[in-house]
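Below, each chain spelled out in residue letters.
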Amino acid sequence: MQKILILDFGGQYNQLIARRVRELQVYCELRPHTMTLEEIRRFDPIGIIFTGGPHSVYLPDSPRPDPGVFSLGVPILGICYGCQLLAQSLGGLVTAAQDASAREYGKTDTVFDPSCSLFRDLPEESVTWMSHGDYLARVPEGFRIAAHSAACPTAAICDEERRFYGVQFHPEVRHTAFGGEMLRRFLYAVCGARGDWTMADFKRRSVDALRQRVGSGRVLLALSGGVDSSVLAALLSEAVGRQLSCVFVDHGLLRKNEGDQVEAAFAGRSLDFRRVDAGARFLRRLQGVTDPEEKRHIIGEEFIRVFETEARTIGKVDYLAQGTIYPDVIESGLGQSAVIKSHHNVGGLPDFVDFKEILEPLRLLFKDEVRQLGRELGLPESLVARQPFPGPGLAIRVIGEVTEEKLRLLREADAIFRQEMARAGLDRSASQYFAVLTNLRTVGVMGDGRSYDYAIALRSVQTSDFMTADFTRLPWELLDRVSVRIVNEVKGVNRVLYDITSKPPSTVEYE
């Protein structure tokens with residue numbers, strides 16, 4: 001399988017680059033820029049992409065790749081900081097913009113040279129998305145200018161002989177009108193990609209790899225009933241059959257009636273399905289805890305301890321399988337990237353795990369790729385299209401300490417929101433929607449008397465990969481109905497808020 005290597009220099013859109021490359025049916029991985037030359041050779045990429053980043057390449061402590069990367073004979077595309085890094089490393093000159101007019105942020109009219117391989121057969125003028133304050137003052141020897149804007153005479157550069165390209169804008173974001181086609185040109189026209197990244201091929205290779213890796217061993221799957229673990233259950237079932245046991249931990253942090261719904265969904269399948277009621281022990285461990293990261297770590301550790309206990313009742317279990325996906329890995333900290341939040345199945349795992357090995361076959365897939373795999377495995381659309389639900393459950397939708405009373409309030413409010421979304425026919429159009437119990441208490445007037453109760457926040461987003469998301473423009477009439485019902489029906493709530501923040505700068509979940 002052909003591979004593209006994306007070297008991470010800390011930019012905000014780096015995960016999007018990987019997503020766009022995958023959409024073009026070319027496999028890629030986002031790796032830290034500190035990869036050694038030998039590691040890069042072993043990865044054997046057909047092309048390399050340098051991401052953007054917040055640094056200035058002319059500063060002595062700015063991140064740089066192994067200089068040997070430029071001598072591998074492999075095509076390179078530098079994006080934003082990556083473009084400046086490419087130029088500076090090969091003899092160009094990058095400086096800070098001397099005045100504000102030379103800086104560019106946002107949508108920018110850009111003119112392209114169609115003779116450059118990246119822009120061939122594309123319009124000579126279109127809109128790009130810029131985000132830079134530094135300036136490419138001198139182009140390296142062997143390069144020529146391939147695009148410019150009113151403020152930036154070096155919006156793109158290229159050295160066709162060495163197949164090195166740099167763009168000052170971000171082709172990976174939708175705001176760049178023909179960004180996807182530019183990436184396609186780099187992958188197919190420059191790198192010679194064949195487009196061999198398909199879910200059918202991934203399924204075949206994964207089944208073969210799991211059979212070889214597990215052998216005659218037994219596997220315990222941490223089954224939540226969500227999309228990721230359900231798809232993994234089908235994949236493992238095909239690979240190892242009766243060597244698989246699926247353990248569903250009801251940690252007391254599920255939505256209203258969810259435990260019963262999950263059990264019903266798997267009741268008719270030929271799986272060793274086990275439901276463990278562990279709500280009391282999870283709540284006991286969470287008592288008095290308010291820090292989101294501490295919550296996640298506690299939940300992650302407690303999951304493992306429950307699985308270890310259950311494994312002893314099953315018999316000898318060699319492998320623990322988890323539905324970890326790529327956004328979980330990235331947000332929990334990839335290489336030198338910042339930790340956004342520790343996912344309970346990645347950054348929240350304890351140091352010691354009493355299993356021979358942890359299996360994570362979906363670890364390098366994005367959410368929509370997991371859904372594609374589920375369809376390839378023959379899972380029903382009702383399961384494949386199900387909205388994500390975080391492993392820590394309602395614990396990260398209750399701001400502050402988690403208590404039985406707070407969970408009661410949140411479950412009822414969330415159920416009302418979900419009911420009204422379904423009645424309005426919007427339950428399938430929103431990628432994810434839910435209620436959050438804030439730690440905010442406000443004064444209200446109810447029944448001619450003063451109340452001092454909690455505020456519920458409603459959240460609904462649109463996204464394809466959960467790396468970025470935009471809030472859903474829900475009808476006012478719907479929000480009005482939800483608000484009236486929650487305040488009237490959920491005792492202890494007197495205010496309802498609607499979250500209109502996108503990701504970034506926020507995350508989809510609150511904690």
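Our structure is the block above this text.
All of the points below concern the structure found in this document. (Residues numbered from 1 in each chain as written. Predicted model: local features only at pLDDT ≥ 70, side-chain atom pairs only at ≥ 80, totals over all residues. Heavy atoms only, no water.)

Some remarks on the packing of aromatic side chains
Line of reasoning, step 1. Counting across every chain of the model gives 14 aromatic pairs.
Line of reasoning, step 2. On the numbers, 5.7 Å between centres and 75 degrees between planes, the contact of Phe9 with Phe50 is edge-to-face. With Phe9 in the loop between β1 (3-8) and α1 (14-23) and Phe50 in strand β3 (residues 47-50), this residue pair connects regions lying 41 residues apart in the sequence.
Line of reasoning, step 3. Classification of Phe9 as buried rests on a relative accessible area of 2%.
Line of reasoning, step 4. Taking relative accessible area as the criterion, Phe50 reaches 0% and is therefore assigned buried.
Line of reasoning, step 5. For the pair Phe282 and Phe303, a centre-to-centre distance of 5.4 Å together with 65 degrees between the ring planes defines the contact as edge-to-face. With Phe282 in helix α8 (residues 279-286) and Phe303 in helix α9 (residues 292-314), this residue pair connects regions lying 21 residues apart in the sequence. Taken as a pair, Phe282 and Phe303 share a single burial class, namely buried.
Line of reasoning, step 6. An aromatic cluster is present here, built from Phe9, Phe50, Phe70, Tyr81 and Phe164 joined pairwise through their rings.
Line of reasoning, step 7. Geometry around Tyr454 places Arg441 over its ring, the cationic atom sitting 4.9 Å from the centre. (Phe/Tyr/Trp six-rings, centres within 6.5 Å; stacked < 30°, edge-to-face > 60°. Helix = DSSP H or I, 4+ residues; strand = E, 2+ residues; numbered from the N terminus. Buried < 20%, exposed > 50% of the residue type's maximum accessible area, 1.4 Å probe, protein only. Lys NZ or Arg CZ within 6 Å of the ring centre and 35° of its normal.)

Looking at the packing of helix α6 (residues 227-240) against helix α11 (residues 367-376)
Line of reasoning, step 1. With their axes 9 Å apart at the nearest point, α6 and α11 run at an angle of 35 degrees to one another. The interaxial crossing formed by α6 with α11 has left-handed handedness. Judged by residue contacts, Val227, Asp228 and Val231 of α6 engage Lys367, Val370, Arg371, Leu373 and Gly374 from α11. (Axes fitted to C-alpha atoms, helices over the stretch in contact; angles between N-to-C directions. Left-handed = near helix turned anticlockwise from the far one by under 90°. Contact = heavy atoms within 4.5 Å.)

Bear in mind that shape data such as this cannot, by itself, settle questions of function.
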